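# Working through the structure, step by step
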Amino acid sequence: MQRLRRLRRTAALRGAVAETHICKQKLIYPVFVVWGEGKKEAVESMPGVFRYSVDRLGEVADAVLDAGIAGVMLFGIPKEKDETGSGAYAEDGVVPQAVRFLRAHCARRGREMLIVADVCLCEYTAHGHCGVLRDGRVENDASLPLHAKAALAYAKAGADMVAPSSMMDGVVAAIRAALDNAGYPHIPVMGYSAKFASAFYGPFRDAADSAPQTGDRQSYQMDFRNGREALRELAADEEEGADILMVKPALAFLDIIKEARAHTLLPLCVYNVSGEYAMVKAAAAKGWLDERRIVKEILTAFFRAGADLVITYHALDAAAWEEKGV
Ligand code: PBG
C-alpha cells in the first residue's frame, strides 16, 4: 500500500531522507560600516544589527570566523555625501578601509573569510539615488565609470569579490572591463541581476541612510509584477561576464529563484533582505512566532528553490543554532 508517512515515523528516518540542508559555508552576513571611531550603533528597525566604525570591526569579524559562515558583504556609510557619491570610489573611503582592516585581522588570526564589497552610489549620494542625476533623472551611462572606479578601489584594497547593486544597465560589463584592465582579472563580479523595487528594503535604508530624497527607484529597479523580465536581467548579467547571479528580495520571489536556477549554469545567490529580517524579529519579539524554527524554514526554502549562496542578517544566529543542533 502507498504510505507516504512511512518515511516520516522517526527523526532518524526523516533526517536520512531530508532533501535540503542549510549549509553555513554558504551564508553571507551583511555588515554596515560607518565613518568615524569607536562606533557600534544599533539599527532600530533591525534588532541585533549594528553599524560599526572600522576600528570596531574586529568584533564582527571574530563572530563571522567563529560561526564558520562564508564571509561578509560590506556596505559603507561615508563621512559626507555629495552629488556624485565620491565617498563610494575614494581609495581611502570607508569600504576600502574596512576591507584592509578585515584582511589584516584575518591574517593575524591565520583564518580566511570571503570579503564581498557591495558597489552602489546610493549610500554616498546626497540625493540618495543609485546613480548620478541629470535634470532629476538617474543617468545610466554617466554612472557606469563611477561604479567601475568604486569596484576597482575595493579590489585594490583586497576585496575577494564585488557586487554591483544599482541596477544600472551595463554595470557588470563596465566593472569587468575596469578590473581586467587594471590587473584584477581574477576578481569575480556578482551581479544583483534581478533586483526588484521593493518595500522590503525599508529597514536597510534606515541603516545605510540611503533613502532617495525625491522619487523612488522604480526607473531602475525591477517591477515586482514581472517574472519573464527577471530572466532577461539574469541573462544580460551573464552575457556581461557576471560570475554569480543574484535574485533580490528573496521571500516574495521564490518563483524567480526557481526559474533562475533552471535558466543558468552560474552559481545563484539570493538576498534575504532587511524587511524580511525585520518582520521575523518583530513577530518573534512579540512572542507570535518561534524565531529559530521560522528562520530555519525560511533559509531552507531558499536552498530548496535553488540558491547556492544566501546573504542574510540571520547568518550568525543560523550558524550558531546549526552548531548546537537546535
Ligand atoms: C543599494 C542596496 C540596497 C540594498 C542592498 N544594496 C537598498 C536599495 O536598493 O534601496 C537592500 C538590502 C536590504 O534591504 O537588506 N542599492
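Right above here is the structure, for reference.
Let me begin by describing the structure that accompanies this report. Please read these numbers as outputs of a predicted model, since none were measured by experiment.

Relative to the helices and strands, Lys195 is located in strand β9 (residues 190-195). Of the polar contacts made by the side chain of Lys195, one reaches the backbone oxygen of Ser165; its length is 2.9 Å. Apart from the residues lying within four places of it in its own chain, the contact partners of Lys195 are Ser165, Met167, Tyr201, Gln221, Met222 and Lys248.

As a further point, take helix α8 (residues 254-263). Of all the residues in α8, the buried ones are Ile256, Ile257 and Ala260. Within α8, the buried residues cover an arc of 100° as seen down the axis, which keeps them to one side. Turned more than 90 degrees away from the buried face of α8 sit Lys258 and Ala262, all of them exposed. Tucked into the core, α8 has its buried residues touching α7 (228-239), β10 (244-248), β11 (268-272) and α10 (291-305).

This structure, assessed with the given rule, holds 14 salt bridges. Of the charged contacts in the structure, one is a salt bridge between Glu291 and Lys281, with a shortest N-O distance of 2.8 Å. Residue Glu291 is located in helix α10, and its partner Lys281 is located in helix α9 (residues 274-285); the two are separated by 10 residues in the primary sequence. An identical accessibility class is assigned to Glu291 and Lys281; each is buried. Each of Lys40, Arg56 and Glu59 takes part in a single network of salt bridges with overlapping partners.

As a structural note, the neighbourhood of the ligand is formed by 18 residues, with Lys195, Arg205, Lys248, Ser274 and Tyr313 the closest of them. For the ligand, an oxygen atom lies 2.8 Å from a polar atom in the side chain of Gln221. Of all the cavities here, the one that holds the ligand is the largest cavity. When the residues that make up the shell around the ligand are grouped by side-chain class, the tally is 10 nonpolar, three polar and five charged.

Once that is clear, we can look at the packing of aromatic side chains. Within the structure shown, the criterion is met by nine aromatic pairs. Through a chain of ring-to-ring contacts, the aromatic side chains of Phe32, Phe75, Tyr192, Phe204, Tyr271, Tyr277 and Tyr313 assemble into a single cluster. Its end group placed over the ring of Phe50, Lys40 keeps NZ or CZ at 4.4 Å from the ring centre. Here the guanidinium or amino end of Lys195 rests over the ring plane of Tyr201, the centre of that ring lying 5.4 Å away.

The rules behind the values
- Residues numbered from 1 in each chain as written.
- Predicted model: local features only at pLDDT ≥ 70, side-chain atom pairs only at ≥ 80, totals over all residues.
- Heavy atoms only, no water.
- Helix = DSSP H or I, 4+ residues; strand = E, 2+ residues; numbered from the N terminus.
- Polar contact = N/O pair within 3.5 Å; in protein donor to acceptor, adjacent residues only side chain to side chain.
- Contact = heavy atoms within 4.5 Å.
- Buried < 20%, exposed > 50% of the residue type's maximum accessible area, 1.4 Å probe, protein only.
- Arc of directions from axis to C-beta.
- Salt bridge = Lys/Arg side-chain N within 4 Å of Asp/Glu carboxyl O.
- Near = heavy atom within 4 Å.
- 1 Å grid on protein atoms, 1.4 Å probe; cavity = no way out; pocket = protein on both sides within 12 Å on 5 of 7 lines; lining within 4 Å.
- Sits in = over half its atoms within 2 Å of the grid points.
- Nonpolar A, V, L, I, M, F, W, Y, C, P; charged D, E, K, R; others polar.
- Phe/Tyr/Trp six-rings, centres within 6.5 Å; stacked < 30°, edge-to-face > 60°.
- Lys NZ or Arg CZ within 6 Å of the ring centre and 35° of its normal.

Interpretation in functional terms is not warranted from these geometric data alone.
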